[in-house]
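Letter by letter, the chains look like this.
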Amino acid sequence: MLEESISSLITNQNGIYVDGTFGRGGHSRKILERISLKGSLFSYDLDPEAKLEAANINHSNFHFIHDNYRNIHLNFSDNSIDGVLLDCGVSSPQLDNPARGFSFKDNGPLDMRFNPKVGVSCAEIVNTFDEKDISKILWDYGEEKESRRIAKAIVDRRTVKGFTDTKDLSELICSVKKRKTKKHPATKSFQALRIAVNDEIESLQDCLVNLKTKLKKGGRIVIISFHSLEDRIAKISFKEEVSFIEKKIPLIDDEPMKEFKVSKIIYPDEQELSNNIRSRSAKMRVIEKL
Ligand SMILES: C[S@@+](CC[C@H](N)C(=O)[O-])C[C@H]1O[C@@H](n2cnc3c(N)ncnc32)[C@H](O)[C@@H]1O
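Residues numbered from 1 in each chain as written. Predicted model: local features only at pLDDT ≥ 70, side-chain atom pairs only at ≥ 80, totals over all residues. Heavy atoms only, no water.

A.B. asks: Help me out: how do you make sense of the pattern of salt bridges in this one?
C.D. replies: Close approach of charged atoms allows side chains of opposite charge to pair. A full pass over the atoms with the stated rule returns 22 salt bridges. Here Arg24 and Asp47 are joined by a salt bridge, their closest N and O atoms 3.5 Å apart. A residue pair is termed long-range when its members are at least 10 positions apart, and Arg24 in the loop between strand 1 (16-19) and helix 2 (26-34) and Asp47 in the loop between strand 2 (40-44) and helix 3 (48-54) qualify at 23 residues. Take Arg24: its relative accessible area is 22%, and that puts it in the partly exposed class. (Salt bridge = Lys/Arg side-chain N within 4 Å of Asp/Glu carboxyl O. Helix = DSSP H or I, 4+ residues; strand = E, 2+ residues; numbered from the N terminus. Buried < 20%, exposed > 50% of the residue type's maximum accessible area, 1.4 Å probe, protein only.)

A.B. asks: Looking at this structure, I do not really get the environment of Ile266. What am I missing?
C.D. replies: Mapped onto the secondary structure, Ile266 falls in the loop between strand 6 (260-262) and helix 12 (270-275). Separated by 18 residues in the primary sequence, Ile266 and Met284 place their C-alpha atoms 4.9 Å from one another. If sequence neighbours within four positions are ignored, Ile266 has contacts with Met1, Glu4, Lys283, Met284 and Val286. (Contact = heavy atoms within 4.5 Å.)

A.B. asks: Just checking my understanding: could you explain the site of the ligand for this structure?
C.D. replies: Taken together, 22 residues lie around the ligand, and His27, Asp45, Asn68, Tyr69 and Asp87 are the ones closest in. Within the side chain of His27, a nitrogen or oxygen atom sits 2.8 Å from a nitrogen atom of the ligand. Contact distances for the ligand include 2.7 Å between an oxygen atom and a side-chain N or O atom of Asp45. Relative to its unbound accessible surface of 610 Å², the ligand loses 93% to contact with the protein. (Near = heavy atom within 4 Å. Polar contact = N/O pair within 3.5 Å; in protein donor to acceptor, adjacent residues only side chain to side chain. Areas by Shrake-Rupley, 256 points an atom, 1.4 Å probe, with all protein chains shown as cover.)

A.B. asks: When you look at helix 10 (residues 200-211) in this model, what are you seeing that I'm missing?
C.D. replies: Because an α-helix completes one turn every 3.6 residues, residues spaced three or four positions apart along the sequence face the same direction. Its 12 residues place the ends of helix 10 16 Å apart at the C-alpha level, agreeing with the 16 Å of an ideal helix rising 1.5 Å per residue. Here helix 10 has its buried residues at Glu200, Ile201, Glu202, Ser203, Leu204, Gln205, Cys207, Leu208 and Leu211. Packing partners of the buried residues in helix 10 comprise strand 4 (81-87), helix 6 (131-142), helix 9 (187-197), strand 5 (215-225) and helix 11 (228-236). (Expected span 1.5 Å × (residues − 1).)

A.B. asks: Hey, could you run me through the pairing of strand 2 in this one?
C.D. replies: Successive residues of a regular strand alternate their side chains across the two faces of the sheet. For strand 2, the buried fraction is high: four of the five residues fall into the buried class. Examined bridge by bridge, strand 1 and strand 2 share four bridges and lie parallel to one another. Within strand 2, the residue paired with Val18 across the bridge is Phe42. Following the backbone out of strand 1, through helix 2 and into the adjacent parallel strand 2, one traces a crossover that is right-handed. Here strand 2 pairs with strand 3 (residues 62-65) via four bridges, running parallel. Along strand 3, the bridge assignment pairs Leu41 with Phe62. (Pairing = 2+ DSSP bridges. Right-handed = clockwise from strand over helix to strand, strands pointing away.)

A.B. asks: Honestly, the pairing of strand 1 in this entry has me stumped. Any pointers?
C.D. replies: Here three bridges tie strand 1 to strand 4, and the two strands are oriented parallel to one another. In the strand pairing of strand 4, Val18 is matched with Val84.

Here it is, written out as structure tokens:
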């Protein structure tokens, strides 16, 4: 959705743009190609490797900020931003590097933090959280139907030996899961734990709430999400009434806020699906301040 997201984002070549999820800079580089020298791009990412990659971009109108996108609002005045892109979740290079601990396929330390220097790692969650809290993470963020069984097995096992690596955890999950699925049995649990480790849902929620005043009239937020909860946040953050009860976010059918227009979901086209298998669960929404 590279092309489509950029053309939806840019409405003014001389504008101020923010890429909240720099990753390895695919979207940021495209934005820089499209804006003029009067325009500017501020790219955020928590990952120190993204910061290294950003150092290779030599553009006077490009600025990298090594921070959480939930803090974007702190750097901008009201009605100043023309467009914000959020390509949520984990990047392929992060997933593919076993040393980052995101993958159940190759063994690595059980970390999963976008910034490995900050916050609580996945190992800390599975080794110290209550069984009920682990089960809730697996259910809320992974829609894992066997969340209780897996959480119990994790807590039983850690009394003998704590978890330190991804293979260890993934093998335990495979050994307790009863239902057979097409996907690897640890897929949902790993996704859920990654979301919890990085506080992904709350970060998105904070980011969107705080951006409302920062966007200019006609300014846009383009959100590419991979998880139904993220898409739901994108939709309900721009409704008149938003009620968040703990982490359960109800689907409510209130009217959209009068000053915002939220597009329908846009899906990847056939060509993207055939080039990139990971794009199969991607959904895009474009929000415009009227
Ligand atoms: C799907 S990738 C983005 C890929 C990017 N669009 C590209 O073209 O390379 C998501 C990136 O967002 C970063 N990220 C996720 N949540 C974040 C947050 N709350 N604040 C800042 N960066 C975040 C991750 O570290 C990851 O590098």
